[in-house]
Amino acid sequence: MMELKIKPKSGLKGQIKVPGDKSISHRSVMIGSLARGKTRISGFLTGEDCLNTLRAFQQMGVEVENFGAEEIVIKGVGLEGLSEPESVLDLGNSGTAMRLLLGILAGQDFYSVLTGDESLNQRPMARVTDPLSEMGAKIWGRDNANLAPLTVIGQQLSSFSYNSPVASAQVKSCILLAGLYAQGVTRVIEPAQSRDHTERMLEYFGAEVEVDGLEVSVKAKPKLEGQEVVVPSDISSAAFFIVAALINSDSELVLSNVGLNPTRDGLLEILTKMEADYELLEQRLVNQEPIADLKVNSSPLKAVEIGGAVIPKLIDEIPILAVAATQAEGTTVIKDAEELRVKETDRISAMVKELRKLGVEIEEREDGMIIEGPQKIKGGAECRSYGDHRIAMSLAVAALIAEEEVVIKNCDCIKTSFPNFTDLLEQI
Ligand code: S3P
């Protein structure tokens, strides 16, 4: 198992490009496969999570051509063109892959079985299998189809209007993708806005999608046509380097091509309130997604309260924001973030335990944490990642400002979303 040993380091400098957006990469393979004709994807994230999605579609008869590491072409088979996989679809660590695929598989005319790793097979799937069964899906699994492995016997689905109790793009996307196979219009109403890449991409490929505030609907049986997709750099991966530059003295980093979709930019909204010194350069639009280069300088930070509607817009950035909070003047309160407890690991408990090992005083709340700052990061400890990529990378950034070396065990998980994380860290 890979472990990271990180020595304190200030003066982080350079221009880097972090890998492609994970959410957009997954969706481009899925929607590209369901379209007719070729979809060329550049900037594709070759992290394990997206490779698992790619393999699943190959198992269902989709041909993929590789042109260098980050450029692939999907030969779409059309909405009705997938074929029955001859073996289990193993989605590894990826909740997005499993939940979105369930929506697609529910409406096929074949049998399929989905599984994942130890973490994924403990994560709640009833949030998608319950509404899918209301559409007529037949899905079996442990704990009343809440836990993978899951068996799906595809059915003709009926349209549905779903009031989701949770602001989750995975739930919304699963139902919208199932809606492609229903009859008429399928609608999802969310309690708060979650990331909208599925809506944007379905529309880009030719589906009829309507968005009205927190309500999104899609019309069944669209004619999807293959497209060119340029995947922007993932703001959730950029976040580790943004915070690293902010909390390290004498640092200046430029991150190019960062995706700034307004449903994903909660980190920047909060960093602005924290008085972080950053600039957006060359703002532009690439296949329906806004992007920019980001210039970040070391800066003193102010503590703020993080809660309410911004949470889904920065849900994956909360572990690294907790690290930023240790350096912010005042009391940082993170609340309304109970969803963190059902991510790749319980991210509230993991960050609280591991930051305490580094000498940080931090209070755990059911739905978040409270951190007084600024505090010293003592280091000299051995930390755990809990097999969660974002915990491993957040601790690595904390280690850069520690007083002594920090060891982080079990860091192979970083490959799920950010295969060249340590190379870029060394580069800056
Ligand atoms: C994702 C949605 C989020 C996020 C995950 C990726 C997506 O999960 O945490 O990393 O691509 O749809 P939820 O929608 O369940 O909050």
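Within each chain, residues carry numbers counting from 1 in the order of the written sequence. Local features in a predicted model are, by the rule used here, given only for residues with pLDDT of at least 70; side-chain atom pairs are given and counted only at 80 or more, and totals for whole chains, interfaces and linings are based on all residues. Only hydrogens and water are set aside when side-chain values are computed; all heavy atoms of the structure are taken into account.

Caption draft 1: Examining the overall build of the chain more closely. Within the chain one finds 13 helices and 24 strands. Computation of the radius of gyration draws on C-alpha atoms, with the globule rule given as 2.2 Å multiplied by the number of residues to the power 0.38. Relative to the globule expectation of 22 Å for 428 residues, the C-alpha radius of gyration of the chain, 21 Å, shows essentially globular dimensions. Taking the principal axes of its C-alpha atoms as reference, the chain extends roughly 60 × 45 × 40 Å. Categorising residues by exposure relies on relative accessible area from a 1.4 Å probe, with only protein chains included: less than 20% of the type maximum marks a residue as buried, more than 50% marks it as exposed, and the intermediate range marks it as partly exposed. Evaluated residue by residue, the chain yields a buried proportion of 61% over its 428 residues. The contact rule is simple, with two residues in contact once any of their heavy atoms fall within 4.5 Å. Taking as baseline every contact in the chain between residues at least 6 positions apart, the subset at least 24 positions apart corresponds to 75%. Here the Shrake-Rupley method, with its probe set to 1.4 Å, supplies the accessible areas, and only the displayed protein chains count as covering residues. Entry remark: accessible area of the chain is about 15700 Å², with carbon and sulfur atoms responsible for 45%. For the purposes of this entry, the term helix denotes a DSSP run of H or I that reaches at least four residues, the term strand denotes a run of E that reaches at least two, and both are numbered from the N terminus.

Caption draft 2: Region of the structure containing the environment of Leu 102. By secondary structure assignment, the location of Leu 102 is in helix H3 (residues 95–105). Sequence-wise, Leu 102 and Lys 343 are 241 residues apart; in three dimensions their C-alpha atoms are separated by 18 Å. Filtering out sequence-adjacent residues up to four positions away, Leu 102 remains in contact with Leu 114, Met 125, Val 128, Thr 129, Leu 132, Ile 139, Leu 150, Val 152 and Cys 174.

Caption draft 3: Looking closely at the sheet that holds strand S15 (residues 252–259). Whether two strands pair depends on DSSP finding at least two bridges between them. Here we have four strands laid out as an open sheet, ordered S2-S15-S17-S16, and mixed in their pairing. The open sheet has two free edges, formed respectively by strand S2 (13–16) and strand S16 (277–286), since each of these has just one partner strand. Neighbour to neighbour, the strand axes of the sheet diverge by 15° on average, direction disregarded. A fitted line through C-alpha atoms represents every axis, and for helices the fit uses only the stretch in contact; the resulting angles, taken between N-to-C directions, go from 0 to 180 degrees. Running over the sheet, helix H8 (residues 235–247) touches S2, S15, S16 and strand S17 (289–297) and is turned about 165° from S15.

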